[in-house]
Amino acid sequence: MHKILIIGGGYAGFYAAWKLEKKLRRGQAEVTVVDPRPYLTYQPFLPEVVAGSIEARHAAVSLRRHLHRTRVVAGMVTAIDHEHRVVTVRPADGDAFELGYDLVVVTAGAVTRKFPVPGVAEQAIGLKHVEEAVAIRDRLLTSFDRAATLAPGPQRQRLLTVTVVGGGFSGVEGFAELLSLASSVLRRYPELDRDELRFHLVEASARILPEVTGPPGRWVVRFLRQRGGQVHLNTRIESATGGRVVLSTGEEFDSELIVWTTGNAANPVVGRHTDLPVDERGFLLVRPDLRVGTDREPVPDAWAAGDDAGIEDLTAPVPGTRTVPNAQHAVRQGKLLARNIAATLRGGKPKDYRHRSLGAVAVLGIGHGIFQYRRLVLKGPLAWLIHRGYHVLAIPTWERKVRVLAVWLTAGLFGRDIVSLASVQQPRTAFVAGGEPPESSLPDGRKP
């Protein structure tokens, strides 16, 4: 029996395991998925989790529930020794251990790209996982509650200031959904004024949404500015120490919430802790048929797909162009990967990966969006419906599709859920305090 080890349970890893269960006969192979999170995060839904349009758990797909013949190991792969067909796994508890394999599939996924900006590691929150989306939403709503008890001034202004760094899809959609959420809940706070809201989107290049062409991208900038957002193009963040944001333009302001979405970087286990071939950026060298290696030197028994795989886009007009690290490619690569592995185990020949983009679609708050397919550009409610329709079909399993649709219908009838559960991040606080008020000070520093 072949031992197939899949590193990473994201799009590519989940679909590879899911389809292998259907392609392989019982007893033909033993499939194991290793991931520190025992679920797939459906990242296109994270901006809507931020806005409260989707229940957080519905943007995650349990590996154990939907992979019936696959062993799931909750741990982080810290090293890949392909020469000896073994990986090192570090679980949350206990000592690290080794797992052997006959065939390895690397779908570890990329990590959020960070820059050595002072204060970012201490202040910012990413937008790549469900936990981060929930924390962003709770922090915004909690800031509104706190600001409503304060008199106008610097502290109140800080609480009502949000900064999103990065103008890709995650950053723009997250920024737009936060702005939409803030605008919709503001009427519940008569103490606050709309003019007090400060929402900053910071992008180092001259444009946002690089997957769309220039005019639609400029329209999105105008739309966000009309909604009250401040879009800073050709601007870098120089510091975020103590929540004090300093921009390369010289502008400075205090921000209670800083969201960091500056693209992807190679997963460390792929970039630095493997003997598999990688390029100068730390991404795996992968052939069009999804085998690791080059056309001249394939690596036996090693496959890869997803954000960490440098796969040539055979449909691109420019030779050597690599597939864009997005959900469209990762899902389809995972499915093809399963078919190719099953074919080779039966003595067949794997097929090359070819997929033409289905277009780019971004949600910009409830009822607003933009969609582009080649020269076709749609804006507003129709683009928003296309976004929802596509992703409810794309999220795996009927169980998750039904749950998401139910939440959307409920929100359509009753509006967003604006309850903040930020206290779950410190669940013992109420128990330890026993009803005693927290330590606080009067404006002159005296204890009450």
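Under an unreviewed UniProt entry, the protein has the name NAD(P)/FAD-dependent oxidoreductase and belongs to Amycolatopsis eburnea. For the protein, the Sequence similarities (unreviewed entry) comment in UniProt is given as "Belongs to the NADH dehydrogenase family."

**Q** Lay out a nonpolar patch on the surface in plain terms, naming residues and giving numbers.
**A** Taken together, the side chains of Val419, Leu421 and Val424 make up a nonpolar region of the molecular surface, amounting to roughly 270 Å² of accessible area. Tracing the chain through its elements places Val424 in the loop between helix 12 (398-414) and helix 13 (429-433). What makes Val424 exposed here is its relative accessible area of 53%.

**Q** Provide a residue-level description of the pairing of strand 8 (residues 97-100), including the pertinent values.
**A** Two elements, strand 7 (residues 86-90) and strand 8, share 4 bridges in a ladder whose sense is antiparallel. Within strand 8, the position partnered with Val86 by the bridge is Gly100. Here strand 7 folds back onto strand 8, and the loop between the two strands holds 6 residues, one of which, Gly94, carries a positive phi near 90°.

**Q** Provide a residue-level description of the nonpolar core, including the pertinent values.
**A** Counting 114 residues, the largest nonpolar core has Ile4, Phe144, Leu178 and Leu224 as its most contacted members. Of all the elements, helix 7 (residues 169-185) adds the most residues to this core, at 9 residues. Structurally, this core is a two-domain feature, drawing no fewer than three residues from each of domain 1 (2-36 + 75-111 + 264-345) and domain 2 (124-262 + 362-414). Discounting chain neighbours no more than four positions away, the residues touching Phe144 are Leu160, Ala182, Val185, Leu186, Tyr189, Leu192 and Leu197. Ranked by size, the runner-up nonpolar core spans 11 residues in total, among them Val120, Ile237, Val245 and Ile258.

**Q** Break down the packing of helix 11 (residues 381-394) against helix 12 for me, citing the residues and quoting the values.
**A** Put simply, helix 11 and helix 12 touch, their axes get as near as 9 Å, and they point 150° apart. In terms of axis orientation, helix 11 runs roughly antiparallel to helix 12. When you trace helix 11 past helix 12, the crossing you get is right-handed. Contact residues: helix 11 offers Arg388, Val392, Leu393 and Ala394, while helix 12 offers Lys401, Val404, Leu405 and Trp408. Looking at the contact of helix 11 with helix 12 residue by residue, the classes come out as 6 nonpolar, no polar and 2 charged.

**Q** I'd like a rundown of empty space enclosed by the protein, residues and numbers included.
**A** Over the atoms, a rolled probe matching the size of one water molecule traces out where space is still vacant. Taken as a whole and judged by the stated rule, the model has 1 cavity of 30 Å³ or more. Of the voids in this model, the largest cavity is the one considered here, and its volume is about 40 Å³. Looking at the lining of the largest cavity, the element that brings in the most residues is helix 7, giving 5 residues.

**Q** Describe the pairing of strand 26 (residues 376-379), naming the residues involved and giving the relevant values.
**A** Every regular strand shows the same layout, with side chains that alternate between the two sheet faces. Summarising the sheet, strand 25 (residues 369-373) and strand 26 pair through 4 bridges and their orientation is antiparallel. In the sheet register, Tyr373 faces strand 26, and the bridge partner there is Leu376. With antiparallel pairing between neighbouring strands as the criterion, strand 25 and strand 26 make up a hairpin whose turn holds 2 residues, including Arg374 at a positive phi of roughly 55°.

**Q** Give me the lowdown on helix 12, citing residues and values where you can.
**A** Every α-helix carries 3.6 residues per turn, so stepping three or four residues along brings you back to the same face. With 17 residues, helix 12 extends 24 Å between its outermost C-alpha atoms, agreeing within 8% with the 24 Å of an ideal straight helix rising 1.5 Å per residue. Immediately beyond the C-terminal end of helix 12, within one or two residues, lies Gly415, with a positive phi of roughly 85°.

**Q** How would you sum up the domain arrangement of the protein? Please name residues and give values.
**A** Here the domain parsing of the protein yields domain 1 (2-36 + 75-111 + 264-345) and domain 2 (124-262 + 362-414). Between the C-alpha centres of domain 1 and domain 2 the distance comes to 32 Å. Counting residues at the interface gives 9 residues for domain 1, matched by 8 residues for domain 2. Taken together, both faces of the contact between domain 1 and domain 2 bury some 510 Å²; the carbon and sulfur share is 53%. On the domain 1 side of the interface with domain 2, the three residues burying the most area are Tyr15, Trp18 and Asn264, jointly 45% of the side's total. The tally of links between domain 1 and domain 2 comes to 0 salt bridges. Between domain 1 and domain 2 we count 2 residue pairs in polar contact (both at pLDDT 80 or more) in total.

**Q** Explain the sheet that holds strand 13 (residues 198-202) residue by residue, including any values.
**A** Reading across from one edge, 11-18-12-13-14 is the order of the 5 strands in this open sheet, with parallel pairing throughout. Two strands bound the open sheet, and with one partner strand each, they are strand 11 (125-126) and strand 14 (229-232). As paired elements, strand 12 (residues 161-165) and strand 18 (residues 257-260) share 4 bridges and run parallel to each other. Bridging from a neighbouring strand, Val165 pairs with Trp260 of strand 18. Against the sheet, helix 8 (residues 214-226) touches strand 13 and strand 14, its axis set at about 140° to strand 14.

**Q** Tell me about a positive patch on the surface, and name the residues and values.
**A** A cluster of basic side chains, namely Lys23, Arg25, Arg339, Arg346 and Lys351, defines a positive patch on the protein surface. Of note, Arg346 is situated in the loop between helix 10 (327-345) and strand 24 (360-363). On the basis of relative accessible area, Arg346 is assigned to the partly exposed category, the value being 48%.

**Q** Outline the packing of aromatic side chains, supporting the account with residue identities and numerical values.
**A** Following the criterion strictly, the structure yields 10 aromatic pairs and no others. Aromatic side chains Phe14 and Trp18 sit 5.3 Å apart centroid to centroid with 40° between the ring planes, which places their arrangement in the tilted category. Of the two residues, Phe14 and Trp18 are both situated in helix 1 (residues 11-23); the distance of 4 residues between them amounts to about one turn of the helix. For the pair Phe14 and Trp18, one class covers both residues: buried. By way of ring pairs, the aromatic residues Tyr11, Tyr42, Phe45 and Trp408 are connected into one cluster. Here the guanidinium or amino end of Lys401 rests over the ring plane of Trp398, the centre of that ring lying 5.7 Å away.

**Q** Please set out the pattern of salt bridges residue by residue, giving values where relevant.
**A** Side-chain pairs of opposite charge can arise whenever the charged atoms involved come near each other. Per the stated rule, a full pass over the model turns up 17 salt bridges. The residue Asp138 makes a salt bridge to Arg137 at a minimum N-O spacing of 3.9 Å. Of the two residues, Asp138 and Arg137, neither departs from the other in class, the shared state being buried. A salt bridge links Arg291 to Asp289; the nearest nitrogen and oxygen atoms lie 2.8 Å apart. Given a relative accessible area of 25%, Arg291 falls into the partly exposed group. For Asp289, a relative accessible area of 4% corresponds to the buried category. Connected via shared salt-bridge partners are Arg65, Glu399, Arg400 and Arg403.

Rules used in this analysis
- Residues numbered from 1 in each chain as written.
- Predicted model: local features only at pLDDT ≥ 70, side-chain atom pairs only at ≥ 80, totals over all residues.
- Heavy atoms only, no water.
- UniProt positions renumbered as here; feature names shortened; annotations may be inferred.
- Patch = residues over 30% accessible without salt bridge, like charges linked within 9 Å, V, L, I, M, F, W, Y side chains within 5 Å.
- Areas by Shrake-Rupley, 256 points an atom, 1.4 Å probe, with all protein chains shown as cover.
- Salt bridge = Lys/Arg side-chain N within 4 Å of Asp/Glu carboxyl O.
- Helix = DSSP H or I, 4+ residues; strand = E, 2+ residues; numbered from the N terminus.
- Buried < 20%, exposed > 50% of the residue type's maximum accessible area, 1.4 Å probe, protein only.
- Pairing = 2+ DSSP bridges.
- Core = buried A, V, L, I, M, F, W, Y, C linked by side-chain atoms within 4.5 Å.
- Domains from an automatic or database assignment.
- Contact = heavy atoms within 4.5 Å.
- Axes fitted to C-alpha atoms, helices over the stretch in contact; angles between N-to-C directions.
- Parallel < 35°, antiparallel > 145°, perpendicular 65-115°, else oblique.
- Left-handed = near helix turned anticlockwise from the far one by under 90°.
- Nonpolar A, V, L, I, M, F, W, Y, C, P; charged D, E, K, R; others polar.
- 1 Å grid on protein atoms, 1.4 Å probe; cavity = no way out; pocket = protein on both sides within 12 Å on 5 of 7 lines; lining within 4 Å.
- Points joined across faces, edges and corners; volume = space filled by probe spheres on them.
- Expected span 1.5 Å × (residues − 1).
- Buried area = accessible area lost by both parts, 1.4 Å probe.
- Polar contact = N/O pair within 3.5 Å; in protein donor to acceptor, adjacent residues only side chain to side chain.
- Lys, Arg positive; Asp, Glu negative; His and termini not counted.
- Charge placed at Lys NZ, Arg CZ, Asp CG, Glu CD.
- Phe/Tyr/Trp six-rings, centres within 6.5 Å; stacked < 30°, edge-to-face > 60°.
- Lys NZ or Arg CZ within 6 Å of the ring centre and 35° of its normal.

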